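# Observations on the three-dimensional arrangement
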Amino acid sequence: MARQAEKGLAERSDGELVALALAREAGAFRAIMRRYNQRLFRIARGIVRDDALAEDALQEAYLKAFRHLGDFAGTSAFSTWLTRIVMNEALGRLRQAARRPEVSFEGLPGERRILDFPTGSPIDNPETTMAQRQILKLVEEATDSLPEEFRLVFIARAIEGMSVEETAELLSLKPETVRSRLHRARALLRRRLDAMIGPLALDAFPFAGWRCERLTERVMRQLTER
């Protein structure tokens, strides 16, 4: 029964989920997060370029959005409204990080990597798995190296698959600016990755499985505690 209810909520429109969330339907909050976790995490990470900071920003952004759902006027898409909250939160984390002394944690136990590759057992073909990891690492590093104005457009358009119009609205740009920045971003990436960038970029910056569920449960816990 629970799975059927979740499936039913997953098929609801954003407007219906917002209405249910305003009525304090717990399943609606979960459905919203599961629908947008991947996109929002990628956008947050595109700004802060750090797994932990991006996840922290996303969690806080959800809490702010859910506590102020009544402020959603519907003048833009709900996804755009959510994404702007995440962007503001991520930019705040970035400003905080810039004020702290830089400390490197590279190589320490528990170092977090964004490129989990849960697509089969390494025992099946360890050489292929290692090659995939190395290529995706290059995609991640090359994307991180882009200037922010190009990086956010690239993530929204090429990785997340948003339209030119959606990206323009999200980033407050003209559509022609989105197109020119995407062209420039691809040119910069091509210099480092050549032909490898293509379909592999779609699998970069994963935020699914247990990480997606963990964040969802943390937000739900805080919503019920306050």
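Quantities reported herein were computed from a predicted structural model and do not represent experimental measurements. (Residues numbered from 1 in each chain as written. Predicted model: local features only at pLDDT ≥ 70, side-chain atom pairs only at ≥ 80, totals over all residues. Heavy atoms only, no water.)

Tallying secondary structure elements over the protein chain gives 10 helices and 0 strands in all. Going from N to C terminus, the protein chain has its helices and strands arranged as α-α-α-α-α-α-α-α-α-α. When the 226 residues of the protein chain are sorted by exposure, 42% land in the buried category. Within the protein chain, counting contacts between residues at least 6 apart in sequence, those at least 24 apart form 73% of the total. In the structure as shown, the protein chain presents an accessible area of about 12,600 Å², 52% of it carried by carbon and sulfur atoms. (Helix = DSSP H or I, 4+ residues; strand = E, 2+ residues; numbered from the N terminus. Buried < 20%, exposed > 50% of the residue type's maximum accessible area, 1.4 Å probe, protein only. Contact = heavy atoms within 4.5 Å. Areas by Shrake-Rupley, 256 points an atom, 1.4 Å probe, with all protein chains shown as cover.)

Glancing now at the packing of helix α4 (residues 51-67) against helix α10 (residues 209-225). In the contact formed by α4 and α10, the axes pass within 10 Å of each other and the chain directions differ by 40 degrees. By the angle between their directions, the pair α4 and α10 is classed as oblique. Between α4 and α10 lies a crossing whose hand is right-handed. On the side of α4, the interface is formed by D51, E55, L58, Q59, Y62, L63, F66 and R67, while α10 contributes R211, R214, L215, R218, V219, Q222 and L223. (Axes fitted to C-alpha atoms, helices over the stretch in contact; angles between N-to-C directions. Parallel < 35°, antiparallel > 145°, perpendicular 65-115°, else oblique. Left-handed = near helix turned anticlockwise from the far one by under 90°.)

Our focus in this paragraph is the packing of aromatic side chains. For the coordinates displayed, the defined rule picks out 6 aromatic pairs. Consider the rings of F29 and F66, whose centres lie 4.8 Å apart with planes at 65 degrees: the pair is edge-to-face. Of this pair, F29 sits in helix α3 (residues 26-48) while F66 sits in helix α4, and the two are 37 residues apart along the sequence. Owing to a relative accessible area of 3%, F66 belongs among the buried residues under this scheme. Pairwise contacts between aromatic rings join Y36, F72, F78 and W81 into one cluster. (Phe/Tyr/Trp six-rings, centres within 6.5 Å; stacked < 30°, edge-to-face > 60°.)

Relative to the elements of secondary structure, Q222 occurs in helix α10. Beyond its immediate chain neighbours, meaning those up to four positions away, Q222 contacts Q59, L63 and R67.

Turning our attention to the environment of E16. Examined against the element boundaries, E16 turns out to sit in helix α2 (residues 14-22). Take E16: its relative accessible area is 37%, and that puts it in the partly exposed class. Put simply, E16 and A28 are 12 residues apart on the chain and 8.7 Å apart in space, counted from C-alpha to C-alpha.

On to the pattern of salt bridges. Here the structure, examined in full by the defined rule, presents 14 salt bridges. One salt bridge in this structure joins R214 and E55, with 2.8 Å as the shortest N-O distance. Of this pair, R214 sits in helix α10 while E55 sits in helix α4; the two residues are 159 residues apart in sequence, bridging distant segments of the chain. The exposure class assigned to R214 is partly exposed, which follows from its relative accessible area of 29%. Here K64 and E89 are joined by a salt bridge, their closest N and O atoms 2.8 Å apart. In this pair, K64 is assigned in helix α4 and E89 in helix α5 (residues 78-98), connecting sequence segments 25 residues apart. According to the relative accessible area criterion, K64 is partly exposed, its value standing at 37%. One connected set of salt bridges, linked through shared partners, spans R45, D51, E140 and D144. (Salt bridge = Lys/Arg side-chain N within 4 Å of Asp/Glu carboxyl O.)

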